[in-house]
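Structure assessment
Residues per chain are reported as follows:
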Amino acid sequence: DWKDDCATQKYLEGIIEQFVLWYGPLFISLTLSVVAVFIILIVLAQRAYANKKNPENECLIENHERNQNKKAIKELLPLLAYPVLFYILALFPLINRIYSAK
């Protein structure tokens, strides 16, 4: 009963499984991690510019706290470069793989 078994149908089913089982979760996880990186960037930007927007509150904020915020931002910004670099470097092989899967 192998005559009814079409190889192109199995190939199409394999492509569908590949996209559903591999690329679906991949795109979901990449999207969530990009959103997380943007949230981190927004929070860092708010902390960095919170002191500059309110000059009347400047006397309330101690120098030590301000220096601590600046130090934390300087330490965290280079760490954000790694996920961004990963997204940039992983984008081209991902496009190539999806293009060759079709």
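Let me sum up the structure you'll find in this document. The model shown is predicted, which means the values in this text are computed figures rather than measured ones.

1. Digging into the overall build of the chain
Helix and strand content of the chain: 2 helices and 0 strands. The buried share of the chain, taken over its 102 residues, is 11%. Considering only contacts within the chain whose residues lie at least 6 apart along the sequence, 91% involve residues at least 24 apart. Carbon and sulfur atoms form 67% of the exposed surface of the chain, whose accessible area is close to 8,800 Å².

2. Some remarks on the packing of aromatic side chains
Going through the model one piece at a time under the given rule, you end up with 4 aromatic pairs. Centre to centre, the rings of Trp22 and Tyr23 are 6.5 Å apart; their planes meet at 70°, and the pair counts as edge-to-face. A relative accessible area of 43% places Trp22 in the partly exposed class. A relative accessible area of 1% means that Tyr23 is categorised as buried. Every member of this aromatic cluster is reached through a ring pair, and the members are Phe19, Trp22, Tyr23 and Phe27.

3. A word on a nonpolar patch on the surface
Together, Val84, Leu85, Ile88, Leu89, Leu91, Phe92 and Ile95 give the surface a local cluster of nonpolar side chains, amounting to about 680 Å² of exposed area. Of note, Ile88 is situated in helix α2 (residues 63-101).

4. Considering the environment of Ile98
Note on placement: Ile98 falls in helix α2. Residues Ile98 and Phe19, spaced 79 residues apart in sequence, show a C-alpha to C-alpha distance of 8.6 Å.

Analysis parameters
- Residues numbered from 1 in each chain as written.
- Predicted model: local features only at pLDDT ≥ 70, side-chain atom pairs only at ≥ 80, totals over all residues.
- Heavy atoms only, no water.
- Helix = DSSP H or I, 4+ residues; strand = E, 2+ residues; numbered from the N terminus.
- Buried < 20%, exposed > 50% of the residue type's maximum accessible area, 1.4 Å probe, protein only.
- Contact = heavy atoms within 4.5 Å.
- Areas by Shrake-Rupley, 256 points an atom, 1.4 Å probe, with all protein chains shown as cover.
- Phe/Tyr/Trp six-rings, centres within 6.5 Å; stacked < 30°, edge-to-face > 60°.
- Patch = residues over 30% accessible without salt bridge, like charges linked within 9 Å, V, L, I, M, F, W, Y side chains within 5 Å.
- Salt bridge = Lys/Arg side-chain N within 4 Å of Asp/Glu carboxyl O.

Interpretation note: all reported values are geometric properties and have no functional meaning in isolation.
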